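# A closer look at the structure
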Amino acid sequence: MSEPAISCRGVGKIWAAGTERAHEALRGIDLKVDAGEFIVVLGPSGCGKSTLLYLIAGLEEPSAGEIMAHGVPVTGPAPDRSLIFQETSLFPWLSVWQNVSFGLSLRGTGKAEQREVARQVLFRTGLAETFDKRPHELSGGMRQRVAVARALAMRPKVLLMDEPFAALDVQTRAKMQGFLLDVWHESGASVIFVTHHIDEAMALADRVVVSTARPGRIKQIVGIDRPRPRDPFAPESVSLRRKLTELLSDEVDRAFAEQEA
Amino acid sequence: MTSTPVAPVRAAPSFAAPRWQRTTGFIGAWLPQLGWAIVSVGLFAAIWELCWYFGWADPRLLPPPHVFLSDLTGQAKFFNTAQRWQVGVAASAGPSPAVAVLITILSSTMRVFAGLGLATIVSVSLGVAIRYVRLVEHLTLPTITLLAPVSPVAWLPVAIFIFGIGNGPAIFMVFVALFFHMILATITQIDGVNRNYINVARTMGAGKWQIYRRVILPAILPGLLVVLRFNLFGAWMVVLIAEATGVGFGLGQVIMMARNTFNPSLVFFTIVIIGLLGFGFDFLLRLVQRRILYWLPNRAAGLVDV
């Protein structure tokens, strides 16, 4: 039995703990992610999905429980766990290749090797022609692809994605999902992908983790054992969409009720 | 075809104009603006002239532009940079009027840029240090905030106590008038850096120093240049106050003398010089901004231009 890529045991997070503004974002998360597995965390807005990614990335510390990455407790950020954000997070003052090799440059890798690695990663991700461009010259979809390429340049074992395609239009989003699946197949990394989009979860996931409204807990884990690309209008898809919609709508109602209270 | 299966990475066409073209393009785009500037100033002058023509503006108090700009050599005579109060210097000694005007302008400009440069270097370094080391913040920020609202005029006696007479007090005045605001602006800029940039660097294993040097400094550069531009105007305002009090010579001293000798023509003449200088240096600074911030899209740079 191989070590899970990520394992969370009883993970909870209370923001601003001990103050008047304290609020509980996550409670009792138990989750094991296998190596090479594609997990989608599906939940209403503000359910602490992003918080979970920040904790796994090591950017924040959990208030309760323990997170292990490949059997080692997470104590801080590490290059083998890459986080990709919703908004573009490319550095606008660097060209595309400099963005992609930014992590290498932090380690003091030579310029020639940085360029070579960036060239290879961009070529593999079909972005070779963007090599010398600046982020502002690219479309939103291209920018997110470069952000994925930048994460891949670190050879991550786990890709953490925080609604990375939420700001994109529907057509671009579908393209990006195909792109991401290709990248995932090729890299062999585990992916933990956060979204509030049911169709996105159905197109991507090996397992969909449906999260409750705040505080975020795991409501149900739904496995999808069908080859990709998946036809969104196949009968299995329709019934699965109904199931996920029902699971989610309860939580959306609760989240609304809580906000109005 | 000799091309390899590898995509032509370097030969890919770039939509970005080369840097030199961006600069000349900027001047081209700026020409209409310059035209409007002339129209705007012309309109202002025309209203003034009309007021004089109809007798609403007393030419002894508010001489219109054609009066105070008509006798340039006469005005220039007042720009005396001779140190004639010193023992052994003849009353008529000194450079020719044209050279004296030039010396006066250059010395005021030098004070402006020395003070602005010092204030920029010290406030950016200290601002970064305050955010980088908590102890520095605890030790300095309360005092800085306490001194920030003090008017530059209050520092005038202090400047003279410490530096006496000459360039020292004028540069100190410019420095002290800008420093507190620039340091608070720097801190605000640092706090405003997109958290995603910092988190991306952290997940890639960047240390604190690397985050500051590689992420925060480039990220705050556009904002800092805007702060610098605003403070260029501030520096011109303060240098006049400083020069009005016995620095020796300078544009502020000329205005003070014009006030004491009841010479409104000379006051307005000097104001025109200051206005042109400020306008010109602001233009130069914008060109510099363009070159440094090559990575900003044109529209964003336009927003930064204010």
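Criteria and cut-off values
Residues numbered from 1 in each chain as written. Chains lettered and ligands numbered in written order. Predicted model: local features only at pLDDT ≥ 70, side-chain atom pairs only at ≥ 80, totals over all residues. Helix = DSSP H or I, 4+ residues; strand = E, 2+ residues; numbered from the N terminus. Buried ≥ 20, exposed ≤ 12 C-beta atoms within 10 Å, placed from the backbone. Contact = placed C-beta atoms within 7 Å. Nonpolar A, V, L, I, M, F, W, Y, C, P; charged D, E, K, R; others polar. Pairing = 2+ DSSP bridges. Domains from an automatic or database assignment. Core = buried A, V, L, I, M, F, W, Y, C linked by C-beta atoms within 7 Å. Axes fitted to C-alpha atoms, helices over the stretch in contact; angles between N-to-C directions. Parallel < 35°, antiparallel > 145°, perpendicular 65-115°, else oblique. Left-handed = near helix turned anticlockwise from the far one by under 90°. Expected span 1.5 Å × (residues − 1).

### Some details on the overall build of chain B
Broken down by element type, chain B carries 12 helices and 0 strands. Residues counted as buried form 26% of the 306 residues belonging to chain B. Looking at chain B alone, contacts between residues at least 24 apart form 63% of all its contacts between residues at least 6 apart.

### Quick notes on the interface of chain B and chain A
Contacts between the two partners involve 20 residues from chain B and, on the opposite side, 28 residues from chain A. Sorting elements by how many residues they give to the side of chain B that touches chain A places helix α8 (residues 195-203) of chain B first, with 6 residues. For the side of chain B that touches chain A, the class distribution of residues is 13 nonpolar, 6 polar and 1 charged.

### Comments concerning the sheet that holds strand β2 (residues 23-33) of chain A
Two modes of strand pairing occur in sheets, parallel and antiparallel, and in both the strands are linked by backbone hydrogen bonds. Residues and elements named next belong to chain A. A sheet is described by the order of its strands in space; here 4 strands give the open sequence β2-β1-β4-β5, paired in antiparallel fashion. The sheet terminates laterally at β2 and β5 (72-73), the two strands that pair on one side only. Summarising the sheet, strand β1 (residues 6-15) and strand β4 (residues 64-69) pair through 5 bridges and their orientation is antiparallel. Within β4, the position partnered with Cys8 by the bridge is Ile67.

### What to know about the domain arrangement of chain A
Interfaces are often sized by the amount of accessible area the parts lose when they come together. Residues and elements named next belong to chain A. Domains assigned within chain A are domain 1 (35-62 + 71-80 + 156-261) and domain 2 (90-155). Placing a centre on the C-alpha atoms of domain 1 and another on those of domain 2 gives a separation of 25 Å. If you look at the interface, domain 1 gives 15 residues, while domain 2 gives 12 residues. Here the side of domain 1 that touches domain 2 takes 8 residues from helix α6 (residues 170-187), the largest share from any one element. Looking at side-chain class alone, the side of domain 1 that touches domain 2 contains 11 nonpolar, 2 polar and 2 charged residues.

### Concerning the nonpolar core
Core analysis: the largest hydrophobic core is formed by 81 residues, its most contacted members being Ile39(A), Val40(A), Leu42(A), Ile56(A), Leu160(A) and Ile192(A). Residues lining this core come from more than one domain, with at least three contributed by each of domain 1 (35-62 + 71-80 + 156-261) and domain 2 (90-155) of chain A. Those residues in contact with Leu160(A), other than ones at most four positions away along the chain, are Leu53(A), Ile56(A), Ala57(A), Arg81(A), Ser82(A), Leu83(A), Ile84(A) and Ile192(A). Counting residues in each nonpolar core, the second largest holds 41 residues, with Val112(B), Val227(B), Val239(B) and Ile255(B) among its members.

### Digging into the pairing of strand β6 (residues 81-84) of chain A
The side chains of a regular strand alternate, first on one face of the sheet and then on the other. Residue and element names in this part refer to chain A. Going residue by residue along β6, you find Arg81 and Leu83 tucked away on one face and Ser82 and Ile84 tucked away on the opposite face as well. As judged from the 4 bridges shared by β6 and strand β7 (residues 158-162), these two strands associate in the parallel manner. Each bridged residue has a counterpart across the sheet, and for Ser82 the counterpart in β7 is Leu159.

### Here we look at the sheet that holds strand β8 (residues 190-195) of chain A
All names here are of chain A. Strand order in the open sheet formed by 6 strands is β6-β7-β8-β3-β9-β10, with mixed pairing between adjacent strands. The open sheet has two edge strands, β6 and β10 (218-223), and neither has a second partner. Across the sheet, the mean angle separating the axes of adjacent strands is 15 degrees when strand polarity is ignored. Bridge count for strand β3 (residues 38-42) against strand β9 (residues 207-211) is 4 bridges, and the pairing is parallel. Following the sheet pairing, Val40 is matched in β9 by Val208.

### Brief notes about unusual backbone geometry
Glycine aside, a negative phi is what most residues show, and trans is what most peptide bonds show. All names here are of chain A. Following Arg228, the chain continues into Pro229 via a peptide bond in cis, with omega recorded as -5 degrees. For Pro229, the location among the structural elements is in the loop between β10 and α8 (235-260). Positive phi values are uncommon outside glycine, yet Glu163 reaches one of about 40 degrees. Within the fold, Glu163 resides in the loop between β7 and α6. Classification of Glu163 as buried rests on a count of 20 C-beta atoms within 10 Å.

### Quick look at the packing of helix α6 (residues 152-163) of chain B against helix α9 (residues 208-243) of chain B
Residue and element names in this part refer to chain B. For the pair α6 and α9, the least separation of the axes is 10 Å and the interaxial angle reads 45 degrees. One finds that α6 runs oblique with respect to α9. Judged by the twist between their axes, the crossing of α6 over α9 is right-handed. Where α6 abuts α9, its residues Pro152, Val153, Leu156 and Ala159 lie against Val238, Ile241 and Ala242. A per-class count over the contact of α6 with α9 returns 7 nonpolar, no polar and no charged.

### Overview of the pairing of β10(A)
All names here are of chain A. Pairing between β9 and β10: 5 bridges, direction antiparallel. In the sheet register, Val209 faces β10, and the bridge partner there is Ile221. Here β9 folds back onto β10 in antiparallel fashion, the turn holding 6 residues.

### Overview of helix α5 (residues 140-152) of chain A
For an α-helix, 3.6 residues make a turn, and residues three or four places apart therefore share a direction. Residue and element names in this part refer to chain A. Along its 13 residues, α5 runs 19 Å from first to last C-alpha, staying within 8% of the 18 Å computed at 1.5 Å per residue. The element α5 is extensively covered by neighbouring structure, given that 10 of its 13 residues are classed as buried. Taken as a whole, α5 has its buried residues at Arg143, Gln144, Arg145, Val146, Ala147, Val148, Ala149, Arg150, Ala151 and Leu152. Looking at the buried side of α5, the elements it contacts are β6, α2 (96-100), α3 (102-106), α4 (111-124), β7 and α6.

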